[in-house]
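Spelled out from the first residue to the last, the chains are:
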Amino acid sequence: MEKQNVTEFVFTGLFESKKTELLLFFLFLLCYVAVLMGNSIILLTICCSHLLEQPMYYFLCHLSLMDLCSTSIVVPQLTRNLAATRRDISFNNCMTQLFTYHWLAGVETFILVCMAFDHYVAIVKPLHYMMIMNRKRCHMLIAMAWGLGFWHSIAMLLMVLNLPFCGPNVIDHYMCDIKPLLKLVCKDIRISSILVIANSGTVAIAIFSVLLASYILILYNLRMRSSAGRHKALSTCSSHIMVVVLFFVPCIYIYIFPAGAKNKDKEISVFYTVIAPMLNPLIYTLRNKEMKIAMGKVWRQMSHS
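Residues numbered from 1 in each chain as written. Predicted model: local features only at pLDDT ≥ 70, side-chain atom pairs only at ≥ 80, totals over all residues. Heavy atoms only, no water.

Visitor: Residue-level account of the environment of Asp265, with values.
Guide: The residue Asp265 is located in helix 9 (residues 265-286) in this model. In this structure Asp265 comes out as buried when scored by relative accessible area, which is 9%. A C-alpha to C-alpha distance of 20 Å links Asp265 and Ile89, two positions 176 residues apart in sequence. Other than its neighbours up to four places away in sequence, Asp265 contacts His173, Lys179 and Ile254. (Helix = DSSP H or I, 4+ residues; strand = E, 2+ residues; numbered from the N terminus. Buried < 20%, exposed > 50% of the residue type's maximum accessible area, 1.4 Å probe, protein only. Contact = heavy atoms within 4.5 Å.)

Shown next, in the form of structure tokens:
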């Protein structure tokens, strides 16, 4: 591990304008409350109803948990920095944020793959669905998601810890992320940039391509279904495709370019750090009749107790 001269970092924030900061403070605070409420309602509804027995909702439950945790790592600090005059973070806390955020985002990525696999089996192999998507396999898929997310994140953390930070400490971002940190390293970062593109950018493209291919196969297989079955499957799949696009497109845009490239990373990253976790509950509940019925039942149970 390299000896570090930098003991703390300072964030520039999202926009370097004092006038917009108060407005942004309230805006992100509202967004965070919406994330907490929306995802907590999904967790409560699924955990307190029969929906938890269904693989699709079992995965959705974990997705909501990831959204709750990942936003809680970023948004409270973002709002604090908008209100504070000094936007600093210690070196250790910065590394902790980098590791935990990438771990949770990695887990979320693989949960989206699990959900796509679940949809694929339900539509392409309906007769074998219960046998393939049994509870043991669902647990195994979630455990794999946690393991793969950890592997992605620990590889990134170990790489950063072996880089020398010996002078500049101003992070041009609102959180500790790999690319803005690489810009502060006082040695040639070309190899590190390639490793980041390999660990994040190409992995995101590969997974996104697999997900799109699975949905093309699903849509192709839907032709044989009755119109009612087709409508229900299309509704479920279109919700999932919206979530996948909202999460992956900004990720690919950010992590496929090298660290020195001039692009709007911090503005674009708001899509997957704040906007996607806020919209996911809406996307999954507004178009889902089962979810609405379950929410009504859970609400009635709580009001009667």
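Let's pick the thread back up.
Visitor: Give me the packing of helix 9 against helix 10 (residues 289-304): which residues, what numbers.
Guide: The interhelical angle for the contact between helix 9 and helix 10, taken along N-to-C directions, is 100°, at an axis separation of 6 Å. Taken together, the axes of helix 9 and helix 10 lie roughly perpendicular to each other. Contact residues: Tyr284, Thr285 and Leu286 in helix 9; Met291, Lys292 and Met295 in helix 10. Tallied by class, the residues present in the contact of helix 9 with helix 10 amount to four nonpolar, one polar and one charged. (Axes fitted to C-alpha atoms, helices over the stretch in contact; angles between N-to-C directions. Parallel < 35°, antiparallel > 145°, perpendicular 65-115°, else oblique. Nonpolar A, V, L, I, M, F, W, Y, C, P; charged D, E, K, R; others polar.)

Visitor: Can you lay out the state of the cysteines for me, pointing to particular residues and giving the numbers?
Guide: Under the defined criterion, the tally for this structure stands at two disulfides. A sulfur-sulfur separation of 2.0 Å characterises the disulfide bridge that pairs Cys94 with Cys176. Given an S-S torsion of about -120°, the disulfide between Cys94 and Cys176 has left-handed geometry. In this pair, Cys94 is assigned in helix 3 (residues 91-124) and Cys176 in the loop between strand 3 (170-171) and helix 6 (178-182), connecting sequence segments 82 residues apart. Disulfide partner of Cys166: Cys186, at an S-S distance of 1.7 Å. Taken together, the positions of Cys166 in the loop between helix 5 (135-161) and strand 3 and Cys186 in the loop between helix 6 and helix 7 (190-221) put the pair 20 residues apart, joining distant regions of the chain. Looking at Cys166, the relative accessible area reads 39%, which means it is partly exposed. Classification of Cys186 by relative accessible area gives partly exposed; the value is 33%. (Disulfide = S-S within 2.5 Å.)

Visitor: Account for the UniProt feature "transmembrane region" (unreviewed entry) in the chain, with residues named and values stated.
Guide: Using the residue numbers shown here, the UniProt feature "transmembrane region" (unreviewed entry) corresponds to residues 22-44, 56-78, 98-117, 138-161, 203-222, 234-256 and 268-286. Helix makes up 100% of residues 56-78 and strand 0%. Its end C-alpha atoms lie 32 Å apart. The span residues 98-117 carries 100% helix and 0% strand; its end-to-end C-alpha distance comes to 29 Å. (UniProt positions renumbered as here; feature names shortened; annotations may be inferred.)

Visitor: Provide a residue-level description of the pattern of salt bridges, including the pertinent values.
Guide: Counted according to the given criterion, the structure contains five salt bridges. In this structure, Lys266 and Asp172 form a salt bridge, with 2.8 Å as the shortest nitrogen-oxygen distance. Linking Lys266 in helix 9 with Asp172 in the loop between strand 3 and helix 6, this pair joins segments that are 94 residues apart in sequence. According to the relative accessible area criterion, Lys266 is buried, its value standing at 8%. Its relative accessible area of 39% is what places Asp172 among the partly exposed residues. When salt bridges with common partners are traced through the structure, they connect Glu8, Arg86 and Asp88 into a single cluster. (Salt bridge = Lys/Arg side-chain N within 4 Å of Asp/Glu carboxyl O.)

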